[in-house]
Amino acid sequence: MKMMKRQNSLIFVLGLLAVFSISCEKEFLDRKPIIGVTSDNFYKTEADALAAVNAAYATLQFELSPAGHFRWFWGDIMSDDSQKGGSGDNDVVDLMKLETFQGPTNTDLLESEWNADYEGIYRANVVLEKVPGIEMDEVLKKRILAEAKFIRAWFYYNLNTIFGGVPLADKVLAPSEYNRPKEDAAVIWAFIEKDLKEAIEDLPQRSQYQAKDLGRITKGAARALLAKAYLYQGKYAEAGFQTGEIIQSGEYSLVADYGTIFTKAGENNAESVFEIQYMNASGGNWGKNAANEGTFTNVFQRARGQFAGYGFNIPTQDFVDEFFKEGFEDPRLKYTVFRIGDQMGDRGEFTVANAGDVGYIYHPRKYFTNQSEDAPFGDPNPNGESNDRVIRYADVLLMDAEAAAKTGDETKARESLNRVRMRVGVPAITASGSALLDAIFRERRIELGLEGHRFFDLVRTGRAAEKLGPLGFKDGVHNIFPIPNSEIVLSNGILKQNPGY
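Model, not experiment: these values are computed from the prediction.

Peer 1: Describe in detail the overall build of the protein chain, supporting the description with residues and values.
Peer 2: Counting secondary structure elements, the protein chain contains 18 helices and eight strands. For the protein chain, whose C-alpha radius of gyration is 22 Å, the value lies close to the compact-globule estimate of 23 Å for 501 residues. With 501 residues in all, the protein chain has 60% of them scored as buried. Intrachain contacts of the protein chain at a sequence separation of at least 6 include 70% that bridge at least 24 residues. For the protein chain, the accessible surface area stands at approximately 18,300 Å², while carbon and sulfur atoms represent 51% of it. Distance from the positive charge centre (57 side chains) to the negative charge centre (71 side chains) of the protein chain: 2 Å.

Printed below as a string of structure tokens:
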């Protein structure tokens, strides 16, 4: 695998990433190169330990490495919530083929996702190998190791849900160990569970971090990701225990105004459980680099024409219609989707002509940014500042509702479900049985719409064939994506392609 064949050189990169100090101003990286750093003279001090884990954090930000591999590519465009968009069918053809379940296996979109995930795993493994031997504050050391375990678990979660079983690299590999066969998905799930359980023991609660550490991994984030892993496997009681612990912790709450969640002021708010930090003053460029802290999502999802975007992730009519199925317009629609005639911030009124005459009558809103928020220097396009809201407290509550419904506690299921609905002032759900479960699934679609969840929710709940069959989805094949063919070739055939591709 390409990632594994780069490991010896990557170890020297860690020292060049310098200090990754997250603050409420998101001034992440003070990129001061350390001259003469090698693996022998690095990893000696507490500062080295922090630099190493900060290098692992940096991989969470990779979105073009070199091709795009956004969470919303897989979670939204591959679902019934949105379509590819862009300037037309020929704009990123491989993405169109993937969303219509036609392959291909040799696209750099899949290759970039694979390599970025394994690079994150590699950097986490470096922390877990090198930091234990450093003489430093033991509490901080345990926290750093726990952060690395979460990061490793997160990337394996991505790999397992996108590709199914994958090769397991549980340490920094020697060259003779690079080519590894796939493990069963169950083996990867068990590894994820182990990492997260161990991380939970040593991670602080959100309230225990200082302001300068805003954005670091918390105990609540680890519990939430573990709950997601359990739900994916149908371990509902275990998932419910984790969501219950998060709820009982009192560390999170739903913000009063849904419309503020995806604003600049709404970053790292009271319901932020796991949020990847970005900033607009990074000087990042078009491609993966050592410290690329700006997001590309803003420009990729913004409308074309006078709105200076690329027009991807276009909401479908079916998705918009979902917001009207209770006989009224759900108030969350206007904060999720731009419609013709809407004012797109300070960029102007949305008309088909203003948006480049490509014919789209809807555009995504959640990651829209105003022109006044563009990067103050350099190219604004690779320097978007919207944080990626990966797990929100509303998601935790809906996972809790699902787990409770699946284990027979319908009172608790309705309570958690209706807390989410109460926030936006829509009627409480009183249903039972399968109707209650359907209401929970529908609520996930509306509440978390265009946040990268839908495809994976359909697959793990067994509804993908019903909802995505008209798009070409075949159950047992398209539940996961193909292994990049380039990785199979590099492994000398040790890696085997997923069935059906």
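Peer 1: Can you break down the packing of aromatic side chains residue by residue, with the values?
Peer 2: Under the criterion given, the structure shown has 29 aromatic pairs. Ring geometry for Trp-114 against Phe-163: centres 5.1 Å apart, planes inclined by 75°, an arrangement best described as edge-to-face. Separated by 49 residues along the polypeptide, Trp-114 in helix α6 (residues 108-130) and Phe-163 in helix α7 (residues 138-163) bring together distant segments of the chain. Where Phe-300 meets Phe-312, the ring centres are 5.7 Å apart and the plane angle is 35°; that geometry is what we call tilted. Of this pair, Phe-300 sits in helix α11 (residues 297-301) while Phe-312 sits in strand β5 (residues 312-315), placing them 12 residues apart in sequence. For Phe-300, a relative accessible area of 12% gives the class buried.

Peer 1: Which residues make up helix α10 (residues 236-249), and what are the values?
Peer 2: Compared with the 20 Å implied by 1.5 Å per residue over 14 residues, the 20 Å span of α10 between its first and last C-alpha is a close match. Within α10, the full set of buried residues consists of Ala-239, Gly-240, Gln-242, Thr-243, Gly-244, Ile-246 and Ile-247. Two residues or fewer after α10 comes Gly-250, characterised by a positive phi angle close to 70°.

Peer 1: Before we move on, could you go through the nonpolar core and cite the residues and values that matter?
Peer 2: By size, the foremost hydrophobic cluster in this structure holds 118 residues, and its most contacted members are Trp-74, Phe-150, Tyr-156 and Phe-274. Per element, the largest residue contribution to this core is 15 residues, and it comes from α7. If near-sequence neighbours (up to four positions away) are discounted, Phe-274 is found in contact with Leu-60, Phe-150, Trp-154, Ile-217, Ala-221, Asp-388, Arg-389, Val-390 and Ile-391. Val-320, Val-337, Tyr-362 and Ile-446 belong to the second largest nonpolar core, which has eight residues in total.

Peer 1: Explain α6 to me, using residue names and the numbers behind them.
Peer 2: Here α6 contains 23 residues, and its C-alpha end-to-end distance of 32 Å stays within 8% of the 33 Å for a straight helix at 1.5 Å per residue. Of all 23 residues in α6, 20 are buried; the element is thus mostly enclosed. The opening residue of α6 is Thr-107, an N-cap whose side-chain oxygen sits 3.1 Å from the backbone nitrogen of Leu-109.

Peer 1: Account for the side chain of Glu-275, naming residues and giving values.
Peer 2: Among the secondary structure elements, Glu-275 is positioned in strand β4 (residues 272-276). This buried residue, Glu-275, is left without a salt bridge; Arg-389 holds the nearest opposite charge, at 4.2 Å.

Peer 1: Give me the pattern of salt bridges: which residues, what numbers.
Peer 2: Under the definition given, this model contains 49 salt bridges. Here Glu-443 and Arg-332 are joined by a salt bridge, their closest N and O atoms 2.6 Å apart. Taken together, the positions of Glu-443 in helix α15 (residues 433-447) and Arg-332 in the loop between α12 (317-322) and β6 (337-339) put the pair 111 residues apart, joining distant regions of the chain. Judged by its relative accessible area of 0%, Arg-332 is buried.

Peer 1: For unusual backbone geometry, give the residues involved together with the corresponding values.
Peer 2: Most peptide bonds adopt trans geometry, and most residues besides glycine take a negative phi value. Along the chain, Ser-65 connects to Pro-66 via a cis peptide bond; the corresponding omega equals -5°. In this chain, Gly-103 is followed by Pro-104 through a cis amide linkage whose omega measures -5°. Residue Phe-101 is not a glycine yet carries a positive backbone phi of 60°. Relative to the helices and strands, Phe-101 resides in the loop between α5 (93-99) and α6. Residue Phe-101 is classed as buried on the basis of its relative accessible area of 9%. At Asp-357, a residue that is not glycine, the phi angle is positive and equals roughly 55°.

Peer 1: Hey, could you go over the packing of helix α3 (residues 46-58) against α6 for me, with residue numbers and the actual values?
Peer 2: The interhelical angle for the contact between α3 and α6, taken along N-to-C directions, is 165°, at an axis separation of 8 Å. Comparing their axes, α6 and α3 come out roughly antiparallel. You can see that α3 and α6 cross each other, and the crossing is left-handed. Across the interface between the two elements, Ala-52, Val-53, Ala-55, Ala-56 and Ala-58 of α3 pack against Arg-123, Ala-124 and Val-127 of α6.

Peer 1: Can you tell me about the pairing of β4, naming the residues and giving the values?
Peer 2: Two faces make up the sheet, and in a regular strand the side chains alternate between them. Counted residue by residue, β4 has five buried out of five residues, so it is predominantly covered. Pairing geometry for β4 and strand β8 (residues 388-392), over four bridges, is antiparallel. In the strand pairing of β8, Glu-275 is matched with Arg-389.

Peer 1: Now, about the packing of helix α13 (residues 393-406) against α15: what can you tell me, with residues and values included?
Peer 2: Where α13 meets α15, the closest approach of the two axes is 10 Å, and the angle between their N-to-C directions is 165°. Regarding the angle of α13 to α15, the classification is roughly antiparallel. Every pair of crossing elements has a handedness; the one defined by α13 and α15 is left-handed. Facing Ala-394, Asp-395, Leu-398, Met-399, Ala-401, Glu-402, Ala-405 and Lys-406 of α13, the residues of α15 in contact are Leu-436, Leu-437, Ile-440, Phe-441, Glu-443, Arg-444 and Glu-447. Here the contact of α13 with α15 is built from residues that sort into nine nonpolar, no polar and six charged.

Rules behind the numbers
- Residues numbered from 1 in each chain as written.
- Predicted model: local features only at pLDDT ≥ 70, side-chain atom pairs only at ≥ 80, totals over all residues.
- Heavy atoms only, no water.
- Helix = DSSP H or I, 4+ residues; strand = E, 2+ residues; numbered from the N terminus.
- Rg over C-alpha atoms; globule rule 2.2 N^0.38 Å.
- Buried < 20%, exposed > 50% of the residue type's maximum accessible area, 1.4 Å probe, protein only.
- Contact = heavy atoms within 4.5 Å.
- Areas by Shrake-Rupley, 256 points an atom, 1.4 Å probe, with all protein chains shown as cover.
- Lys, Arg positive; Asp, Glu negative; His and termini not counted.
- Charge placed at Lys NZ, Arg CZ, Asp CG, Glu CD.
- Phe/Tyr/Trp six-rings, centres within 6.5 Å; stacked < 30°, edge-to-face > 60°.
- Expected span 1.5 Å × (residues − 1).
- Core = buried A, V, L, I, M, F, W, Y, C linked by side-chain atoms within 4.5 Å.
- Polar contact = N/O pair within 3.5 Å; in protein donor to acceptor, adjacent residues only side chain to side chain.
- Salt bridge = Lys/Arg side-chain N within 4 Å of Asp/Glu carboxyl O.
- Axes fitted to C-alpha atoms, helices over the stretch in contact; angles between N-to-C directions.
- Parallel < 35°, antiparallel > 145°, perpendicular 65-115°, else oblique.
- Left-handed = near helix turned anticlockwise from the far one by under 90°.
- Pairing = 2+ DSSP bridges.
- Nonpolar A, V, L, I, M, F, W, Y, C, P; charged D, E, K, R; others polar.

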